[in-house]
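Structural description and commentary
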Amino acid sequence: MEEKKVNSFLSRLKEKAQKQTNYGGETEMTEAKMNAKDCPNCGAGRAKQDGLTHCAYCGFEFLSVNLTDGVYLKKEDNSI
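Residues numbered from 1 in each chain as written. Predicted model: local features only at pLDDT ≥ 70, side-chain atom pairs only at ≥ 80, totals over all residues. Heavy atoms only, no water.

As for the overall build of the protein chain
- Across its full length, the protein chain carries one helix and two strands.
- Ordered by position from N to C terminus, the α and β elements of the protein chain give α-β-β.
- The proportion of buried residues among the 80 residues of the protein chain is 6%.
- A fraction of 0% describes how many contacts in the protein chain between residues 6 or more apart in sequence connect residues 24 or more apart.
- Element-wise, carbon and sulfur atoms account for 51% of the exposed surface of the protein chain, whose accessible area totals about 8,400 Å². (Helix = DSSP H or I, 4+ residues; strand = E, 2+ residues; numbered from the N terminus. Buried < 20%, exposed > 50% of the residue type's maximum accessible area, 1.4 Å probe, protein only. Contact = heavy atoms within 4.5 Å. Areas by Shrake-Rupley, 256 points an atom, 1.4 Å probe, with all protein chains shown as cover.)

So this is what it looks like as structure tokens:
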């Protein structure tokens, strides 16, 4: 008669840990890069990100955005 080997709780945890995958999928290797842009007015560096409209040093306007009334947002005051 063959004897069945019963896995202990600890060995089952080890098996699950070895089988699990990374949350969010596999990591992608990319080249290192720097997302920065200089201010054309004063030359100060700034992070290149969406939504930044003025230079923190000289006040140069990078983006001029004109807001209009939308379905949920108003162009004047959206704090209400």
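Structure shown, so let's carry the discussion forward.
Focus on the state of the cysteines
- For the structure on display, the rule yields zero disulfides.
- Cys55 takes part in no disulfide bond, and the closest cysteine sulfur, belonging to Cys58, lies 3.8 Å away.
- Judged by its relative accessible area of 9%, Cys55 falls in the buried class.
- Of all cysteine sulfurs in the structure, the one in Cys42 sits closest to Cys58, which takes part in no disulfide; the separation is 3.7 Å.
- Residue classification places Cys58 among the partly exposed residues on the basis of a relative accessible area of 36%. (Disulfide = S-S within 2.5 Å.)

Considering the confidence of the model for the protein chain
- Predicted confidence across the protein chain gives a mean pLDDT of 76, with 76% of residues reaching 70 or more.
- Considering each helix and strand of the protein chain separately, the mean pLDDT is smallest for strand 2 (residues 45-47), with a value of 72, and largest for helix 1 (residues 9-19), with 90. (pLDDT = per-residue confidence, 0-100.)

Details of the environment of Phe62
- Positionally, Phe62 belongs in the segment after strand 2.
- Spatially, the C-alpha atoms of Phe62 and Pro40 are 8.9 Å apart, while their sequence positions differ by 22 residues.

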